[in-house]
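Observations on the three-dimensional arrangement
Spelled out from the first residue to the last, the chains are:
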Amino acid sequence: MSTSLQEGAAAGAAAPPVRGRSPGRIAYERLRRDPAALFGLAIVVLFVLMALAAPLLTRLNGWEPETFDKTAIDHALGGVPKGDFGGIGAEHWLGVEPGNGRDVFSRIVYGARVSLLIAVASTAVTVLAGTAVGLVAGYFGGKVDTVLSRVMDLVMSFPSLIFMLALLSIAPDANRVLLLVLIMSMFSWPYVGRIVRGQTLSVKHREFVDAARVNGAMGPHILLKEILPNLAAPILVYTTLAIPANIGTEAALSFLGVGVRPPTPSWGQMIDNGLLWYQVVPTYFMIPGVCLFLTVLAFTLLGDALRDALDPKGPGR
Amino acid sequence: MSLKTTVGTCLLAAALLSVSTACGSGKAPASQGSGEASQPSTGAAAKGGTLTILSNQDFAHLDPTRNWTMPEMDFGLRYLYRSLVTYKAEPGAASLEVVPDLATTTGEMSDGGKTWTFTLKDGLKYEDGSPIVAADVKYNVERSFAPELPGGPNYARLVLDGAEKYRGPYKDGSLKSIETPDDRTIVFRLKRPVAEFPYYTTLPTFAPVPRAKDTKAQYDSRVFSSGPYKIDTYDRGKELVLSRNEHWDPATDPARKALPDKVVVKQGLRQSVIVDRLIADQGDDRTAVTYADVNGESFSKILTNPKVKARFHNEIRGCTDTLAMNNTMAPFDKPKFRLALQYAIDKESYQTTQGGPAAGEIATAFLPPSLSGGVAQDTLKIPATGDVEKAKALIAESGVTTPVKIKMYASTGDKVAATAIQESLKRVGVETEINTFDPSVFYDTIGDTAKFDGMALYGWCQDYPSGSSFIPMMFDGRTITDKGNSGNMSLFKDQETMDRIDAIYAMTDLKAADRAWVDLDAAIMQKAPMIPLVWARKPLLTGSKVGGAFGHLIWSGQFDYATLGIRK
């Protein structure tokens, strides 16, 4: 998609404005005029930058995410942060964790890394696997389609959260992030697979595919060069909508105690701990909650806007 | 669209599940100022009124033969049935003293401690006015052998003569080693001398159950009362209502005051709701007490408010939180390394995660102070935050090269506590990988000696006030079992320790034995099979009109129900 965007932009720059615009150009123009999309994009960029710059940011405030600060909590009261709003102040910008005094800002920043990494990686695996299976099922049809479709139905019919909980509880002590990525994508690829299969079915009998076949193109060429580019729009939309869903799932798994291991920070774990303290230190519960909310909202807005923008029947053509 | 729905359900399911895990976790933090027990000024309670007990759970068992959990034992023994001997209903060290209950004395020893005779008092009656006879006590002890009624204390099974193959009164009839020559005399014949036998007879196993009223498994829901109250209604998990047993004679009972006319236990409430209601102290809640521990997160609401703090109790539990290590595997097979960890751990930050000084005292020995003459033993003199230099030096001596990686097991509720240990071990180059398990499978996991390959947050509580309910359970290498291992979680097998345990068992002078347990404790600290962390406290709250409230050392710091009453 990004290539067609650039082509569109290049075409738009080189040619006089009155000429017909490419679909990519149209989508770009629509997105640029959509405040919701811009808002979503801004927040996504902000959080991504924050995650990338996490070591820099923590050097700036001077607190590593795992370091206890006993001076910031009241030992006699079971570790309640000293000061108002969970100890928010010049020393700890977003306050400290009750019980141990770890810096909330540092943990949020490093938590963004974990949350975004897992969400993006599992979405990537989901989309790649789903697209491949969907393409093959839709294009070849027949027995291949039957087998693959039934497998997809089977996986989709699992109660995914419960299976994820079970699998993560008994899984060996391997790399936890990798494990989360694999298990989360294991249950979501059929959703992409079904969409891609349906699109493939409708595209494969179109004239340009027949034309390519008449010209002597073989299976892989038709799949990758003729059909796949026409699936870019739905896949892109699915991807942007799947990322927030995966952020939510990762948070839920961490919240339920099967996510990343302590002391690695994660938003879901922070919300889990914060829940115990919400009456005494509401900020500790709210800060990771708001971050999670904003990220999910931003990606969802972006995904919705992208879907509208790529809709060939949409306005502004 | 379906995506968003998925997220929504995930979070909802997450929220629901967390509630249930929160309820499931066993350990809860407690609290108070400078490490001392809170001693609120509860005025004298008068006779009459209704006492409400707010609980988040149903009783595990009320059948005296099956009742072996705290604080159910407290509730059953103080309200519904009397045992041969019981503990004084007084705060502090006095609560560790035994006084006669159904019996006229705390037992007459003969045959070098192998025969114990008890004589019942005159005028003891059940709730229907029928007399309590010695045969009923014998019958209930026999019931404790029945496989149909599991869960109860096993002390009778361990010491009674010829009881190894006995399967209870339903299958095997009468047990020969308990004799009842007349209605008021009961004689126990033991297979070895047991100087501590009077302690055993405080257990609910030694309460009377008349054969005619025995409904076997159903007896759990409708106990036939020999105590000051009888069961009016019991809707399990919802409500239990007790009213006075008019046939109970206070003249025969030195311990129980039986002040309220009625006792209502409301069950199945959420603990945070109970605590908030007791803090608010409105209406009927003024005559209510909490049954389960005050949740640690509520401490700051209680301790910062003098009016509420005055109603807050946190007696010591008689339990020790420890860090257990598998002594049979590297690097824990090196005693120097284990000793180094004693110095490395910042017990203060562990204590904070458990709720601060109000939740527990920093433990400097395995035996809680109640078992070492009321004074905390501290032979190693390690600062509360640890001694990093000394620890590093000891690790160097032990020959273990740092950084070394070890696994740590904790139940999900102890995640934050586990990170405190992790952080303090990082200071000496020990890297810890935390594995959390649901409380329901945690003990099975670490109790499987083949699977337990690291450290675990563990704890032990006393069954009766003696080092013999602590040290041998935790450190006798002969008690280790391959699966379902408990107590000696460290798999510590040390010949010298076992010899000393046997020597103390043979003592008949209880005072000397107590001293010997304390000395042995100090010796074990040097070998460091486990690391004591905190002596936990029991945090409880009462309404403003409740009097006579204090945490009883025997009932793991729970209120002594014998003295609770309503103030005028």
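Per an unreviewed UniProt entry, chain B goes by the name ABC transporter substrate-binding protein and belongs to Streptosporangium minutum.

Under an unreviewed UniProt entry, chain A has the name Peptide ABC transporter permease and belongs to Streptosporangium minutum. In its Sequence similarities (unreviewed entry) section, UniProt records this for chain A: "Belongs to the binding-protein-dependent transport system permease family."

Here we look at the state of the cysteines
Residue and element names in this part refer to chain B. Using the criterion set out here, one finds one disulfide over all chains in the structure. Each disulfide pairs two cysteine sulfurs, and for Cys319 the partner residue is Cys461, the sulfurs being separated by 1.9 Å. Measuring the twist about the S-S bond at about 105°, one finds the Cys319-Cys461 disulfide to be right-handed. Taken together, the residues Cys319 in strand β12 (residues 312-325) and Cys461 in strand β16 (residues 455-461) connect sequence positions 142 residues apart. Accessibility expressed as a relative area gives 38% for Cys461, which makes it partly exposed.

Comments concerning the sheet that holds strand β6 (residues 178-182) of chain B
Residues and elements named next belong to chain B. Sheet architecture is open: four strands sit in the order β4-β5-β7-β6, paired in antiparallel fashion. Of all strands in the sheet, those bounded by a partner on one side alone are β4 (108-110) and β6. Each adjacent strand pair in this sheet contributes to an overall mean axis angle of 20°, direction not counted. Sheet analysis places β4 next to strand β5 (residues 115-119), joined by three bridges and oriented antiparallel.

Considerations on the packing of helix α5 (residues 104-140) of chain A against helix α6 (residues 142-156) of chain A
Residues and elements named next belong to chain A. At a minimum axis distance of 7 Å, the contact between α5 and α6 shows a crossing angle of 140°. Where α5 crosses over α6, the two elements pack in a sense that is left-handed. On the side of α5, the interface is formed by Val133, Val136, Ala137 and Phe140, while α6 contributes Gly142, Val144, Asp145, Leu148 and Met152. The residue inventory of the contact of α5 with α6, partitioned by class, reads seven nonpolar, one polar and one charged.

A look at the UniProt feature "transmembrane region" (unreviewed entry) in chain A
The UniProt feature table records "transmembrane region" (unreviewed entry) at residues 36-57, 114-139, 151-171, 177-196 and 276-303 of chain A. Structurally, residues 114-139 of chain A comprises 100% helix and 0% strand, and the distance from its first C-alpha atom to its last is 37 Å.

A short note on the UniProt feature "domain: Solute-binding protein family" (unreviewed entry) in chain B
Residues annotated in UniProt with the feature "domain: Solute-binding protein family" (unreviewed entry) correspond here to residues 97-478 of chain B. Segment residues 97-478 of chain B splits into 25% helix and 21% strand. End C-alpha atoms: 31 Å apart.

So, empty space enclosed by the protein
Taken as a whole and judged by the stated rule, the model has three cavities of 30 Å³ or more. Of the voids in this model, the largest cavity is the one considered here, and its volume is about 70 Å³. Lining the largest cavity we find Glu97, Arg102, Arg107, Pro262, Pro263, Gln269, Met270, Asn273 and Tyr284 of chain A together with Lys415, Val416 and Thr419 of chain B. Elements with a contribution of two residues or more to the lining of the largest cavity: α12 (267-277) of chain A together with α13 (415-426) of chain B. Looking at the lining of the largest cavity residue by residue, the classes come out as five nonpolar, three polar and four charged. Considered as a void within the structure, the second largest cavity measures approximately 50 Å³ in volume. Around the second largest cavity, the lining residues are Met70, Met73, Tyr87, Tyr199, Thr202, Leu203, Asp463, Tyr464, Ile554 and Trp555 of chain B. In the lining of the second largest cavity, the residues fall into eight nonpolar, one polar and one charged.

Examining the confidence of the model for chain A
Residues of chain A with pLDDT of at least 70 account for 92%, and the chain-wide mean is 85. Segment residues 1-12 of chain A: pLDDT under 50, and nine contacts once partners within four positions in sequence are set aside and those in other chains are kept.

Quick word on the side chain of Asp346 of chain B
Its location among the elements puts Asp346 of chain B in the loop between α10 (335-344) and α11 (347-353). Excluding residues within four positions of it along the chain, Asp346 of chain B makes contact with Lys70 of chain A together with Ala384, Thr385, Gly386, Ser424 and Arg427 of chain B.

Structural notes on helix α12 (residues 388-398) of chain B
Residue and element names in this part refer to chain B. By the burial criterion, the buried members of α12 are Val388, Ala391, Leu394, Ile395 and Ser398. In a view along the axis of α12, the buried residues occupy a sector of 125°, so they form one face of it. Turned more than 90 degrees off the buried face of α12, the exposed positions are Glu389, Ala396 and Glu397. In this structure, the buried side of α12 is in contact with α10 and β15 (430-437).

Digging into the confidence of the model for chain B
Residue and element names in this part refer to chain B. Overall, the predicted model of chain B reaches an average pLDDT of 86, with 92% of residues at or above 70. Residue range residues 1-37 is modelled with pLDDT below 50. Its contacts to residues more than four positions away, or to other chains, number 79 contacts. What the predictor reports for the complex is a pTM of 0.76 with an ipTM of 0.74.

Rules and cut-offs
- Residues numbered from 1 in each chain as written.
- Chains lettered and ligands numbered in written order.
- Predicted model: local features only at pLDDT ≥ 70, side-chain atom pairs only at ≥ 80, totals over all residues.
- Heavy atoms only, no water.
- UniProt positions renumbered as here; feature names shortened; annotations may be inferred.
- Disulfide = S-S within 2.5 Å.
- Helix = DSSP H or I, 4+ residues; strand = E, 2+ residues; numbered from the N terminus.
- Buried < 20%, exposed > 50% of the residue type's maximum accessible area, 1.4 Å probe, protein only.
- Pairing = 2+ DSSP bridges.
- Axes fitted to C-alpha atoms, helices over the stretch in contact; angles between N-to-C directions.
- Left-handed = near helix turned anticlockwise from the far one by under 90°.
- Contact = heavy atoms within 4.5 Å.
- Nonpolar A, V, L, I, M, F, W, Y, C, P; charged D, E, K, R; others polar.
- 1 Å grid on protein atoms, 1.4 Å probe; cavity = no way out; pocket = protein on both sides within 12 Å on 5 of 7 lines; lining within 4 Å.
- Points joined across faces, edges and corners; volume = space filled by probe spheres on them.
- pLDDT = per-residue confidence, 0-100.
- Arc of directions from axis to C-beta.

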